[in-house]
Structure formats: structure tokens, C-alpha cells
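Geometric and topological summary
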Amino acid sequence: MDQNSGAVPPQAPIGVSTKLPGRIGRIDDLRSRVAAAMDAARKYLFSTQLEDGYWCGELEADTTLEAEYILMHYLLGTGDQNKLQKSCLWMLDHQNADGGWPIFEGGPSEISCSVLTYFSLKLCGYKADHPALLKARQKILEMGGVSAVNTYTKIYLCFFGQYDWDAVPAIPPEIVLFPNWFWFNIYEISSWSRAIFIPLAIVYAKKPFKKIPADQGVDELFVGGKENTRMHLDWDNKLFSWRNFFLFFDRLTHWFEWVHVRPLRSIALRAAEKWMLARLEKSDGLGAIFPGIMNSIIALRCLGYSVDDPQFIRAMDELEALGIEEERTFRMQPCKSPVWDTAYTAFVLGEAGVPKSDPRMIKAADWILSKQVREYGDWAVKNKKGKPAGWYFEFNNEFYPDVDDTAQVCLGLGHVANPNERYQVESVERAIEWMFTMQCKNGGWASFDKDNTKMVFQYIPFADHNAMLDPPTVDITGRILEMLAFYGYSRDDKRVRKAIDFILKEQEPDGAWFGRWGCNYLYGTFLVLRGLEAMGIDQNEPFIQQAAEWIRMVQNPDGGWGESLWSYHDPNTRGVGASTCSQTAWACLGLMAAGDMRSGSVDRGIAYLLSQQKKDGSWWEQYYTGTGFPKVFYLKYHMYAEYFPLLALATYSKLMNGSEKPAANQRQAEQTR
């Protein structure tokens, strides 16, 4: 579909009419409508449960994935031509009206995504005079041309001789040899960066090249012509700056490459290969994420592995498993989310009144318990005290459990009465102890690593994916507080107090909290408010009421809430966007956690959700509300529009019936029964 573009992406209202009663107070017969909607939603969610007991919704992202998929297969001479052509149709369907391609639905055209998509279409046989490419070329040149793209895109272009290797930020494999005590080493960057960069360092060292016909190239995308374009990164105007410091070493590395002074290269390549192969075990591919898997496939070929080698075949199979083929189109997912979706769905169904002993809940719990990590992973490098006990996001990713998934799994398991009670209780206890060992120095929690906070590394030339680090965030910390309260922890625990102090220091002047893993301030604020409520923080505290007032201020006229991903690019647009079901649910949950049941805002939000529910009991939303790397990569979790509205309705129903309690008090009450 065509999408508009602009400084602030427009978002049109979606779904059916949301006309509400004219009065502001309680909406007539809302309670009975909520009960019926919850029943339909429960039935729908159970109808989507898979045979083994888990749930797994689609993860959707921008056309960069399809473009890179095409580039990889063209480079290696592999791939199903039918799928590649179907990928082209998917990409063309998502072209903006101005000719470029966005990195989220309804967003403005983005240069790296647009160049990659344009180039992949040409590799698949589309000519430069094709109407879609003519429009794209004009927009790409307007945005600065090829030289304005990010490091990943430049490297992929180098594979086909479309960019100069000397102008690409160096990613030397020797970085894997730096000892763990050294100021910079691979464990001082985020886990996903390691999964992306280490195979890419192998590729950088080998510099694969495939010659293509001139008419498949992208010379026409260089402003003023390729021969007149400066490809190297610009120095900072300030002589003494971290950017110039790292650029100096980047140029020095390139000089050593040019004069072939690389005494440790063979040792480094063997170390990188060993590191990569180890992390392919018990995993859905390297890091279980699309870029890590794709880069590892290219790296394996660069190292001499044949297409018949079991390692190559397995990696390729994992990549292809991320694809979704339909009659007309083919698209790629960045990864799969079964543990996350199952943990959240089980939690929401439990909150919505499904009995703990329901066989379907027990089946989900047993599946999740089978996914608990038993071996040490990268997290253990900076966490010497922790013992393996976390959960990961995907089907298999033993090296990379994360704190966010682990906390949500514990919340989900808390709603299941497993016949194997001792095993489940001990699993949760081990997980909580592991999470405590992952707490960062400032009191917060990050996702995959502990104290991964050397902000200076964001200035490394190849760190332009805006996610070089994995610092603690308030959204994860808020979730952990809710989980800890559920299992009886309180503010008497100094670790809890330290986490609350971290959250309060991070509050924005207008009362909101930033959301790192969901869009954006609505996500961060709702999770923080739920965590604080669970820990028994007085709802009349000024910082609580300021957050609630911010949520009320950004409510849309239709009763819902929405926030565009553009708020990561321009914080002044926080809370601004067309209403979506997931974000409306977050806002309602945040307000209810703040004790607001009188202003009418929650009633209008609940009425919006009721008006958007489909006949089968599900919800749907057009826009992305998930976050991968802010400003660079975003996600649409298809199940977010299915379980978050039910959670909001369930919480509202409990409050209407006077049965909702802060999680700490609720858990303590259960333990005394």
C-alpha cells in the first residue's frame, strides 16, 4: 500500500467507528459489555494455542529484511527464485507515495532502507526505468544518496563493488582477541551487537566480491555521481572528540590493511570462527536474530564452508524458517517470539479469570519450563555470581537469556497450578535469584547483560545502528518490580528500593517514562506505574499523579491512545499518534495503576477497546508499537493487539468489582489462605 511521508508521519484512524456517548462519566452497561468481550477474547486466544502448548504471533518489520535476504542469496548464488520475486512484490507493496521506503508503517522514507530495497529490486531484474524505481531514485537522491546510508548497508554494497571497502568503517576480527579485562572488548557491547559484528568481522577480513552487470548497480544513486562523491566518514568539527578519536584508529586500521600488516589475522579469524560456531549450538541460529544468522551464513562461506556443509545447511534452514510465504508475497521475520508470547498470554489469561488448574494453562507452563536455560552464556562474563536460570525470547537461544522474558515468564507461571508444583516453584526461585544477580549498579535492569553502559562506545564508527549498548531501562525494571511483588518481595528489600530510586531518577519532566522496548512513553509509563503500584507506592504521590495526568493529556478524541514511533526521533511528539489497541490498553493499565477510576479517561479507553474488538474476539492494529533499535529498527508484534486489550479489560473488571489489589498484597493474601 502507498504510505504518506513527512517530518511527522501521519496516522489515520483504524478499525470501526468509535463514536462514544456524549457524557464523560460512566458509560452505560459497560460492565456487562466488558464481561462478554473478555469471554470472547479468552476463547480466541485459546483457539490460537498451538499443539505443544505455546503461542507465537508474527513479528513484522520493514523491507530491509527482504532486501538483505535477496542480497545474501544473490551473493551466494543460492535461494528460491520464486520466493525472491515474491519478496519484491512485498517490498513494492510497502513503498511510500514519495518513492522511498519507511522503517515503520506510516513513517517517512528512510535512506538506508530505501537504498537496500532499490538495489535488491535491481538484482531481481527490475530496471532503473521501472516506475517504482524512478520514484525511488528521486527520493533517495533527495535524502543524500548512497553515501548517507549506515555501515551495514555500505558493507553489503561492497560485496557487489558498489561501495569502497576503504571508506567503510573497519570491523577487524582482531577485536575478539581483546581480553575481557581490557577497556574495550566484545563483552562491553550489547549481545545483539556481538551476534551481528563478529561474523561481519570475518566477512570484513575476507572481503567477498561478486561482479554484477553495470545496469544492476546503483551508480545513479550517488549525488553528483559516484566519481564525485566523498565516501569516507566526516571528521567532527571539534578536534578533540570521541568521534575523532575513534575515526583516527579507524583510519589507522585501514592503513594496516592496505600495507598488509596483520600479524594476528589468522589467529583472530580462528578465534572468531570458534566463538561463532559455539553460539550456533542450542540456538535458532546466531543470536536467533535475522542479521546475526544472515551474517553467519556469509561468514561460513567466506571461511570455506561449502553449501553442503552441515553447519551451513543448518544456518540456512534457520534463516528460511523466519520466512512467511503467501500466494502472492514472501516476507521475513527478524526472529520468533514464542516464549515471550506464551508467557504474556498465560499471564493475561490468568488475570482474566482462567483457573490455574486449566489443562491448557498447565500445558503452556510445561512448555515454558522446558525452555529454561541450563548453561552459562555471554551474560556470565560480567556476572560472576549468577547461575543459569533465565529464559530467552525465541524457541532456542541458550547463550542469550534475557531479564525481560524471565520476569514475564515468572508472572505467567504464577497463574498456573502445575501438578509438578515443586519443579515449577524451584524453577521460578532460581530465575529470581538469577535476575537479582543481573541487577545493574544504578539499581535498574537491562535486557541481556549487566552494566553494559560504556556510552563512549556509541561513537565507534561502525556503531551507527544506535544499539551498541544494553543499558538498564525503566520498562524492564518496572516489570521486574511487578514480578517481585507478586512473589512476596517488598520495599523492605534494599534491592527493590534501589530499583525504585533508579526509576524515579529517570522520570521525564512532564511525568512520563521512556520506553526502550515498546513505543514509547506510553509503554514505559504503564510498566513503571504497574511496578510501583505492585510495590505499594502511595498512588497520591506527586510523581504518580504527574504520570497519570500526562496519560490523560494525550488521550485522543476517539477515546483511545496512540503514539507514533516518530517519538523516538522527536520526543516532542511523545504520546501523539492515531489510536491503537495495544497502546490504548497500556494507557488504561497505567491510569488504573495510578488509581484513576473517576476521571472518565479509563471508561472512554475501555469503550474504545470494546468498539474495536472483532467478532471472533480478537483485535487488530495497523501500526507498529514494538521497538528493536530506537531510530533504526522497529517491530509489529501481531499478538500485542490480542493480549494487551484483554489485560486492560480484566484489570478494569476487577476494579469495577472491587477485587483488584496491588500484586504484593494479593500474593501475600494467597499465601495465608
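Provided above is the structure to which this section pertains.
Residues numbered from 1 in each chain as written. Predicted model: local features only at pLDDT ≥ 70, side-chain atom pairs only at ≥ 80, totals over all residues. Heavy atoms only, no water.

Some words on the overall build of the chain
The criterion, for reference: Where helices and strands are cited, they refer to DSSP runs of H or I of at least four residues and of E of at least two residues respectively, numbered from the N terminus. Using C-alpha atoms as the atom set, the radius of gyration is obtained and then compared with a globule rule of 2.2 Å times the number of residues to the power 0.38. Any two residues having at least one pair of non-hydrogen atoms within 4.5 Å are treated as being in contact. Using a 1.4 Å probe, the Shrake-Rupley method yields the accessible areas, and only the shown protein chains count as cover for residues. Here the positive residues are Lys and Arg and the negative ones are Asp and Glu; neither His nor the chain ends is included. All charge positions are set by atom: Lys at NZ, Arg at CZ, Asp at CG, Glu at CD.
Secondary structure summary: the chain contains 23 helices and five strands in total. In terms of overall size, the chain behaves like a compact globule, its C-alpha atoms giving a radius of gyration of 25 Å where 673 residues would be expected to give roughly 26 Å. Within the chain, contacts between residues separated by at least 24 positions form 74% of all contacts whose residues are at least 6 apart in sequence. If you sum the accessible surface of the chain, you get close to 25600 Å²; carbon and sulfur atoms cover 54% of it. Each charge sign in the chain was given a centre, from 71 positive and 82 negative side chains, and these centres are 3 Å apart.

Digging into the nonpolar core
We count it as follows: Residues grouped as a nonpolar core are buried Ala, Val, Leu, Ile, Met, Phe, Trp, Tyr and Cys residues, joined through side-chain atoms within 4.5 Å. For the exposure calls, accessible area comes from a 1.4 Å probe over protein chains only, and a residue counts as buried if that area is under 20% of its type's maximum, exposed if over 50%, partly exposed in between.
In this structure, Leu319, Met483 and Ile606 are the most contacted members of the largest nonpolar core, which totals 229 residues. Discounting chain neighbours no more than four positions away, the residues touching methionine 483 are Ala407, Cys410, Leu411, Ile432 and Met435.

Side note on the packing of aromatic side chains
Rules: Pairing of aromatic rings covers Phe, Tyr and Trp, the last counted by its six-membered ring, and requires centre-to-centre distances within 6.5 Å; plane angles under 30 degrees mean stacked, over 60 mean edge-to-face, and any other angle means tilted. Criterion for a charge above a ring: Lys NZ or Arg CZ within 6 Å of the ring centre, and within 35 degrees of the ring normal.
Per the counting criterion, the structure on display carries 51 aromatic pairs. Taking 5.2 Å as the distance between ring centres and 10° as the angle between the ring planes, the aromatic pair formed by tyrosine 344 and tyrosine 643 counts as stacked. Note that tyrosine 344 is positioned in helix 12 (residues 338–351) and tyrosine 643 in helix 22 (residues 640–656), a separation of 299 residues in sequence. In terms of burial, tyrosine 344 and tyrosine 643 fall into one category: buried. In textbook terms, an aromatic cluster arises when at least three aromatic residues are bridged by ring pairs, as seen for Trp340, Tyr344, Phe347, Phe393, Tyr523, Phe526, Trp586, Tyr637, Tyr640, Tyr643 and Phe644. Above the plane of the ring of tryptophan 517 lies arginine 516, whose end atom (NZ or CZ) is 3.8 Å from the centre.

Considering the sheet that holds strand 4 (residues 626–629)
Applied cut-off: If DSSP finds at least two bridges between two strands, the strands pair.
If you walk across this open sheet you meet the three strands as 1-5-4, and the pairing is antiparallel. Two strands lie at the open edges of the sheet, namely strand 1 (59–60) and strand 4, each paired on one side alone. As paired elements, strand 1 and strand 5 (residues 633–637) share two bridges and run antiparallel to each other. By the bridge assignment, leucine 59 is partnered in strand 5 with tyrosine 637.

Description of the packing of helix 4 (residues 111–123) against helix 5 (residues 131–142)
Convention followed: Each axis is a line fitted through C-alpha atoms, taken for helices only over the stretch in contact, and angles between the N-to-C directions span 0 to 180 degrees. Should the near helix be turned counterclockwise from the far one by less than a right angle, the crossing is left-handed, whereas a clockwise turn marks it as right-handed. Think of it as three bins: nonpolar holds Ala, Val, Leu, Ile, Met, Phe, Trp, Tyr, Cys and Pro, charged holds Asp, Glu, Lys and Arg, and polar takes everything else, Gly as well.
It is the contact of helix 4 with helix 5, at a shortest axis distance of 10 Å, that shows an interaxial angle of 145°. When you trace helix 4 past helix 5, the crossing you get is left-handed. Facing helix 4, whose interface residues are Ile111, Ser114, Val115, Tyr118, Leu121 and Lys122, helix 5 presents Leu133, Ala136, Arg137 and Ile140. For the contact of helix 4 with helix 5, a count of residues per class yields seven nonpolar, one polar and two charged.

Structural notes on the pattern of salt bridges
Pairing of side chains with opposite charge becomes possible as their charged atoms draw close. What counts is decided by this rule: Whenever Lys or Arg places a side-chain nitrogen within 4 Å of a carboxyl oxygen from Asp or Glu, that contact is recorded as a salt bridge.
Taken as a whole and judged by the stated rule, the model has 35 salt bridges. A salt bridge links aspartate 215 to lysine 127, with the shortest nitrogen-to-oxygen separation between them at 3.7 Å. In this pair, aspartate 215 sits in the loop between helix 7 (191–206) and helix 8 (242–258) while lysine 127 sits in the loop between helix 4 and helix 5, placing the two residues 88 residues apart along the sequence. Among the salt bridges present, the one from aspartate 166 reaches arginine 251, with a minimum N-O distance of 3.1 Å. Note that aspartate 166 is positioned in the loop between helix 6 (151–158) and helix 7 and arginine 251 in helix 8, a separation of 85 residues in sequence.

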